[in-house]
Amino acid sequence: MKLISLENINKTYSGKTVIQDISLDILKHQSMVFMGTNGAGKSTLLKIITGLLLPSSGRVIKHSKPLHIGYVPERFPNLLRFTPLEYLNYMGRIQGIPVMELEKRIPILLDRLALSHVKNKRIDTFSKGMVQKIGIIQSILRKPDLLILDEPLSGLDIHTQNELVHIMAEFKDEGITIILTYHESDILLKIAERIVILGEGQIKGDYHVKDIDKPQMVIETSGIDEQIIHTFNGILRVSKNGETLQAHALQEKSDNILLEILNKGGKIHSVGVHDPLNQLIMENYVNK
Ligand SMILES: Nc1ncnc2c1ncn2[C@@H]1O[C@H](COP(=O)(O)OP(=O)(O)OP(=O)(O)O)[C@@H](O)[C@H]1O
C-alpha cells in the first residue's frame with residue numbers, strides 16, 4: 001500500500017537545481033534508506049516528503065489522510081537550554097497534542113529511551129546520543145505512520161548507534177514505516193528493506209535489500225584439494241587461480257572453515273570480506 005508518492009519532483013535554489021525529476025513511491029511497512037554523497041540532495045528530499053519544504057515543481061501525494069509524519073532533523077533545534085520535560089511538552093503542544101495525553105505519553109517514552117533520570121536536567125548538559133534520543137521522542141509523541149530521520153546515527157559511538165538501531169527496529173515492528181539517511185551498510189541492513197541511492201539530485205540506484213547478497217568471507221588458500229574445501233559447511237563457491245584457491249564462505253562459518261583448512265594441512269594466504277552492498281554503493285557513488 002502506498003503511503004506517499006513523489007511525482008516528478010524538482011527543487012531549485014537561486015537557479016541551481018538540487019533535486020531533479022524524482023519520482024518515487026513510499027510504501028507502508030517498507031522502510032528505506034537514502035544514501036548519497038554530501039550535497040546529493042538527501043536532506044532536501046526528506047524535507048519535501050515531510051512537507052517542511054515545497055518542491056519547485058512536481059507533486060507530493062499523500063495516499064491516506066490523516067498521515068502522521070514524525071521528523072528528526074539532522075541538527076537539533078536551538079532549544080538546548082530546556083529540560084526534556086519542558087522541550088517535549090512544548091513540542092507536543094505545537095503538534096496539537098492535548099496536555100492530558102502528553103502527561104501520559106512523555107514519561108512512558110522517556111522511560112523507554114532510558115532518559116527518565118534526566119528529565120529535569122538541561123539538554124545542553126547531555127551527550128550527543130542523549131540529545132538524539134530527545135529528538136526521536138519528539139518525533140513519536142504522536143505515533144507516526146512514517147518516521148523520517150536525517151542522519152540519526154552520525155557522530156555517535158557504536159554502542160549508542162546500536163541502541164538507536166534497536167529502538168528504530170522496535171518502532172518498525174510496531175508498524176511505523178521508517179525513512180532515514182545514513183551511509184554505513186551493516187547498520188542500515190538491520191532497519192531497511194530498500195536502499196535508494198541519490199547523486200546530484202537524482203536517483204542513481206533503487207534496490208531491495210533482500211536481492212543483495214550478504215557479506216562473504218574470501219579466503220585465499222593453497223595446499224588443500226578443492227573438493228575437500230567444498231565439503232566444509234558454509235562454503236559458497238571456490239575458484240582457482242594458479243596454485244591458489246579462493247573460497248567464498250558465509251561469515252558466521254568462517255572461523256570453523258579456517259580451522260578445517262589448517263587441520264587438513266592447507267595454508268591460509270589471506271582472509272578478506274566481500275560485501276556486495278558496499279560494492280554497489282561504491283559503484284554508484286563513484287561511477288555515476
Ligand atoms: N537553503 C538552501 N539554500 C541554497 N542551497 C541549499 C539550501 N539547502 C541545501 N542547499 C544545497 O542543495 C544541495 C543538496 O543539499 P542537501 O542538504 O539536500 O544534501 P545532502 O545529500 O543532505 O547532503 P549532506 O549529506 O551533506 O547533508 C547542496 O548543494 C546544498 O548546498
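None of these values were measured; they are calculated from a predicted model.

### Description of the domain arrangement of the protein chain
Inference 1: Taken domain by domain, the protein chain comprises domain 1 (2-211) and domain 2 (216-284).
Inference 2: Put simply, the middle of domain 1 and the middle of domain 2, counted by C-alpha atoms, are 39 Å apart.
Inference 3: Each side of the interface is counted separately: domain 1 has eight residues, and domain 2 has six residues.
Inference 4: Buried area between domain 1 and domain 2, summed over both chains or domains, comes out near 560 Å², and the portion from carbon and sulfur atoms is 72%.
Inference 5: Where domain 1 touches domain 2, the interface holds zero salt bridges.
Inference 6: Taken together, domain 1 and domain 2 are joined by zero residue pairs in polar contact (both at pLDDT 80 or more).
Inference 7: Secondary structure elements with two or more residues in the side of domain 1 that touches domain 2: β8 (194-199) and β9 (202-208).
Inference 8: A per-element tally of the side of domain 1 that touches domain 2 places β9 first, with three residues.

### Some thoughts on the environment of Arg142
Inference 1: Mapping Arg142 onto the fold places it in the loop between α4 (128-139) and β6 (146-149).
Inference 2: Residue class for Arg142 comes out partly exposed when judged on its relative accessible area of 29%.
Inference 3: A C-alpha to C-alpha distance of 12 Å links Arg142 and Pro66, two positions 76 residues apart in sequence.
Inference 4: If near-sequence neighbours (up to four positions away) are discounted, Arg142 is found in contact with His68, Gln95, Gly96, Ile97 and Arg105.

Conventions and cut-offs
- Residues numbered from 1 in each chain as written.
- Predicted model: local features only at pLDDT ≥ 70, side-chain atom pairs only at ≥ 80, totals over all residues.
- Heavy atoms only, no water.
- Domains from an automatic or database assignment.
- Contact = heavy atoms within 4.5 Å.
- Buried area = accessible area lost by both parts, 1.4 Å probe.
- Salt bridge = Lys/Arg side-chain N within 4 Å of Asp/Glu carboxyl O.
- Polar contact = N/O pair within 3.5 Å; in protein donor to acceptor, adjacent residues only side chain to side chain.
- Helix = DSSP H or I, 4+ residues; strand = E, 2+ residues; numbered from the N terminus.
- Buried < 20%, exposed > 50% of the residue type's maximum accessible area, 1.4 Å probe, protein only.

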